[in-house]
Amino acid sequence: MAAAVFQETKKMDSIKYKNNQSEVEFAECDCCGLTEECTPAYIARVREKFEGRWLCGLCSEAVKDETVRSEEDITINEALDRHMKFCEQFKSSSPPANPAEDLISAMKHLLLRTLDSPRKNGSSPTSFARSKSCFSTLSNGEVKSQV
């Protein structure tokens with residue numbers, strides 16, 4: 001019984017069906033393994049862009065980001081190879097011992113990376129410091145607002 005269910009699941013890769021007059025296929029991302037429902041035309045466009053490989057939307061954006069963030073000019077194929085290597089390392093890693101601390105650390109790293117990344121228009125990162133207090137102060141028994 002379990003073998004029959006497994007074989008049915010494996011067949012999903014090749015299932016095609018009509019949905020509101022458009023044909024839809026399941027496509028599996030060559031990087032992360034995510035499966036998405038897409039039209040054959042969309043699948044063909046993505047494969048053309050990524051040299052025959054199909055990427056989900058998230059991995060596609062990550063590859064584009066890799067080309068922009070790279071210090072030297074790299075091709076889409078080089079960025080794709082870097083991202084695929086990252087995905088392989090991620091899939092082979094074991095779950096963290098303390099997921100809450102790892103999430104906090106990852107968010108801190110992401111925030112610091114965002115604040116430190118160069119801006120395209122050359123502006124400095126937004127400052128989180130207040131220029132004035134939103135609280136009133138007491139001076140000589142009177143209330144003065146600093147706003």
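Data block above holds the structure.
Reading the values: the criteria
Counting restarts for each chain: residues are numbered from 1 in the order of the written sequence. Local features in this predicted model are restricted to residues whose pLDDT is 70 or higher, and side-chain atom pairs enter the listing and the counts only when it is 80 or higher, whereas totals over whole chains, interfaces and linings include all residues. Heavy atoms from the whole structure form the basis of all side-chain values; hydrogens and water molecules are not counted. Only one rule defines a salt bridge in this text: a Lys or Arg side-chain nitrogen within 4 Å of an Asp or Glu carboxyl oxygen. Numbering of helices and strands runs from the N terminus; a helix is a DSSP stretch of H or I covering at least four residues, while a strand is a stretch of E covering at least two. For helices, the fitted line uses only the C-alpha atoms of the stretch in contact; every axis is such a line through C-alpha atoms, and the angle between N-to-C directions lies from 0 to 180 degrees. With respect to orientation, any angle under 35 degrees is reported as roughly parallel, any angle over 145 as roughly antiparallel, any angle of 65 to 115 as roughly perpendicular, and every other angle as oblique. Here a crossing is taken to be left-handed if its near helix is turned anticlockwise relative to the far helix by less than a right angle, and right-handed if that turn runs clockwise. We call two residues in contact whenever any of their non-hydrogen atoms come within 4.5 Å of each other. Asp, Glu, Lys and Arg are counted as charged, while Ala, Val, Leu, Ile, Met, Phe, Trp, Tyr, Cys and Pro are counted as nonpolar; the rest, among them Gly, fall into the polar class. In short, DSSP must find at least two bridges between two strands for them to pair. A 1.4 Å probe that fits but cannot get out identifies a cavity on a 1 Å grid over protein atoms alone, an open set with protein on both sides within 12 Å along at least five of seven lines counts as a pocket, and a residue lines either if it has an atom within 4 Å of a point. Grid points are joined across faces, edges and corners, and a volume is the space filled by probe spheres set on the points. We call Phe, Tyr and Trp rings a pair once their centres come within 6.5 Å, taking the six-membered ring for Trp, and we label the pair stacked below 30 degrees between planes, edge-to-face above 60, and tilted otherwise. Relative accessibility decides the category of a residue: with a 1.4 Å probe and only protein chains considered, values under 20% of the type maximum give buried, values over 50% give exposed, and everything between is partly exposed. To form a nonpolar core, buried Ala, Val, Leu, Ile, Met, Phe, Trp, Tyr and Cys residues must be joined to one another through side-chain atoms within 4.5 Å.

(A) Local environment of the pattern of salt bridges. If you walk through the whole model with that rule in mind, you get five salt bridges. Residue Lys 64 pairs with Glu 61 through a salt bridge whose shortest N-O separation is 2.9 Å. Remark: Glu 61 and Lys 64 occur in helix H3 (residues 57-69); sequence separation between them is three residues, near one turn of the helix. The salt bridge partner of Asp 65 is Arg 69, with a shortest N-O separation of 3.3 Å.

(B) Spatial organisation of the packing of H3 against helix H4 (residues 76-92). Running from N to C, H3 and H4 point in directions that differ by 120°, and their axes come no closer than 9 Å. As far as their axial angle goes, H4 and H3 are oblique. Regarding H3 and H4, the two cross each other, and that crossing is right-handed. Taking contact as the criterion, the partners of Cys 59, Ala 62, Val 63, Glu 66 and Thr 67 in H3 are, on H4, Ile 76, Ala 79, Leu 80, Arg 82, His 83 and Cys 87. Of the residues that constitute the contact of H3 with H4, the class distribution is seven nonpolar, two polar and two charged.

(C) Up close: the pairing of strand S3 (residues 35-38). Alignment of strand S2 (residues 22-28) against S3, held across four bridges, turns out to be antiparallel. Note on S3: the bridge partner recorded for Glu 28 is Thr 35. The loop that links S2 with its antiparallel partner S3 comprises six residues; one of these, Gly 33, has a positive phi angle of about 90°.

(D) Layout of the layout of surface pockets. There is about 390 Å³ of room inside the largest pocket. Within the residue set of the lining of the largest pocket, elements represented by two or more residues are H3, H4 and helix H5 (99-116). With four residues, H3 is the single largest residue contributor to the lining of the largest pocket.

(E) Spotlight on the packing of aromatic side chains. In total, this model carries one aromatic pair according to the counting rule given. Note on Phe 86 and Phe 90: the rings are 6.5 Å apart at their centroids and 20° apart in plane angle, and the pair reads as stacked. Of this pair, Phe 86 and Phe 90 both sit in helix H4, four residues apart, roughly one helical turn. For Phe 90, a relative accessible area of 58% puts it in the exposed group.

(F) View of the nonpolar core. One finds Cys 29, Cys 31, Trp 54, Leu 55, Cys 59 and Leu 80 to be the most contacted residues of the largest nonpolar core, which totals 17 residues. Mapped onto this core, the elements with two or more residues apiece are helix H2 (40-49), H3 and H4. Top element by residues in this core is H4. It accounts for four residues. The contact partners of Leu 55, leaving out residues within four places of it in the chain, are Cys 29, Cys 31, Val 46, Phe 50, Ser 60, Val 63 and Leu 80.

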